[in-house]
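# Inside the fold
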Amino acid sequence: MSESENIFQSDSGNLIVVDPTIIINETGEFNLTINKPVEGITNSKRVDFNVTAGKLVEKIFYVNHEQNIPREKVLCRDCREFGESRIRTISLKEGRNDLVIGAVDYSGERAEENILVFVDSKKPRITKTSPSNGFVTGIFHLEFEEEHPLEVILKYGNSQTGFRNHSLNISQDCVLNERYSCRAQIDLTDYNLQNIEYFFNVTDTAKNSNESRKTKVSIDISNPIINSFNYESNG
């Protein structure tokens with residue numbers, strides 16, 4: 001072993017050999033900063049990691065406690081950062097990811113933070129809309145599957161009178177059984193005796209969005225006209 005090599009002994013007794021070009025006289029507590037990932041919901045399984053230690057450390061790592069067998073995964077060794085100088089991404093699982101992200105210096109000092117990331121990469125699934133054809137008076141129905149719906153919008157109209165949006169109140173206009181079933185009642189007076197096109201747009205809390213197919217229907221909200229009452233009375 002060359003005398004120019006830097007040799008350290010960790011608290012566990014292991015000898016650590018570091019390249020002599022690396023400065024290793026950084027002592028004291030380090031400043032672990034986790035810029036990414038941030039807590040919350042994301043719509044991609046590939047998640048950016050950006051972790052800085054503030055000084056040279058033995059390793060930067062993470063553990064996902066939602067895995068069947070949680071294990072420590074090393075992001076880098078003999079480093080000051082991971083994902084700061086260039087973009088680095090890690091694959092997480094669909095759903096809940098209970099992460100511990102941390103670093104260990106050469107003296108065995110550890111710093112860790114817990115980050116909860118929820119991955120929702122699936123678009124809402126629209127299973128049914130109605131009416132599918134014929135005349136419409138202003139009642140529209142939608143069925144869809146989604147665990148975390150954020151917004152449901154009915155878009156309708158034509159080039160003659162214009163196109164409009166109607167936002168549904170999910171808690172009031174929709175009922176959840178196996179899937180969401182929604183009902184929208186629209187005043188279509190301006191479109192009476194015209195043809196319109198409509199479709200639904202559903203967005204979840206991870207900003208995944210899906211649209212139903214566009215459907216053309218005819219509007220007829222006129223009251224029936226009765227010309228006369230003709231009847232005969234016997235006796």
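That block above? That's the structure.
Throughout what follows, the structure given in this document is the object of discussion. (Residues numbered from 1 in each chain as written. Predicted model: local features only at pLDDT ≥ 70, side-chain atom pairs only at ≥ 80, totals over all residues. Heavy atoms only, no water.)

The next subject is the overall build of the protein. Scanning the protein from N- to C-terminus turns up one helix and 19 strands. The buried share of the protein, taken over its 235 residues, is 37%. If you take every contact in the protein between residues at least 6 apart in sequence, the share linking residues at least 24 apart comes to 60%. (Helix = DSSP H or I, 4+ residues; strand = E, 2+ residues; numbered from the N terminus. Buried < 20%, exposed > 50% of the residue type's maximum accessible area, 1.4 Å probe, protein only. Contact = heavy atoms within 4.5 Å.)

This part covers the packing of aromatic side chains. Per the stated rule, a full pass over the model turns up five aromatic pairs. Pairing Phe-140 with Tyr-198 gives two aromatic rings, centres 4.8 Å apart and planes at 65°, and the pair type is edge-to-face. Separated by 58 residues along the polypeptide, Phe-140 in strand E12 (residues 139-145) and Tyr-198 in strand E17 (residues 195-204) bring together distant segments of the chain. You'll find Phe-140 and Tyr-198 in the same group, each marked buried. Every member of this aromatic cluster is reached through a ring pair, and the members are Phe-140, Tyr-198 and Phe-200. One residue, Lys-59, lies across the ring of Phe-61, its end atom 5.9 Å from the ring centre. (Phe/Tyr/Trp six-rings, centres within 6.5 Å; stacked < 30°, edge-to-face > 60°. Lys NZ or Arg CZ within 6 Å of the ring centre and 35° of its normal.)

A few words on the state of the cysteines. This model, assessed by the stated rule, comprises two disulfides. Disulfide pairing places Cys-76 opposite Cys-79 at an S-S distance of 2.1 Å. In this structure the cystine formed by Cys-76 and Cys-79 twists about its S-S bond by roughly 75°; its chirality is therefore right-handed. Sequence-ordered numbering of the disulfide-bonded cysteines in the protein gives the connectivity 1-2, 3-4. (Disulfide = S-S within 2.5 Å.)

A few words on unusual backbone geometry. A cis amide bond links Lys-36 to the next residue, Pro-37, at an omega of 0°. Along the polypeptide, Pro-37 turns up in the loop between strand E3 (33-36) and strand E4 (40-42). With an omega of 5°, the peptide bond between Ser-130 and Pro-131 qualifies as cis. In this fold, Pro-131 is placed in the loop between strand E10 (125-130) and strand E11 (135-136). Positioned with a positive phi, Leu-193 is a non-glycine residue whose angle comes to about 65°. Along the chain, Leu-193 turns up in the loop between strand E16 (180-185) and E17.

Below, the discussion takes up the pairing of E16. Here E16 shows one buried face, formed by Tyr-180, Cys-182 and Ala-184, and one open face, formed by Ser-181, Arg-183 and Gln-185. Examined bridge by bridge, E12 and E16 share six bridges and lie antiparallel to one another. Each bridged residue has a counterpart across the sheet, and for Phe-140 the counterpart in E16 is Ala-184. As paired strands, strand E15 (residues 174-176) and E16 are joined by three bridges and run antiparallel to one another. Considered in E16, the bridge of Cys-174 is made with Cys-182. (Pairing = 2+ DSSP bridges.)

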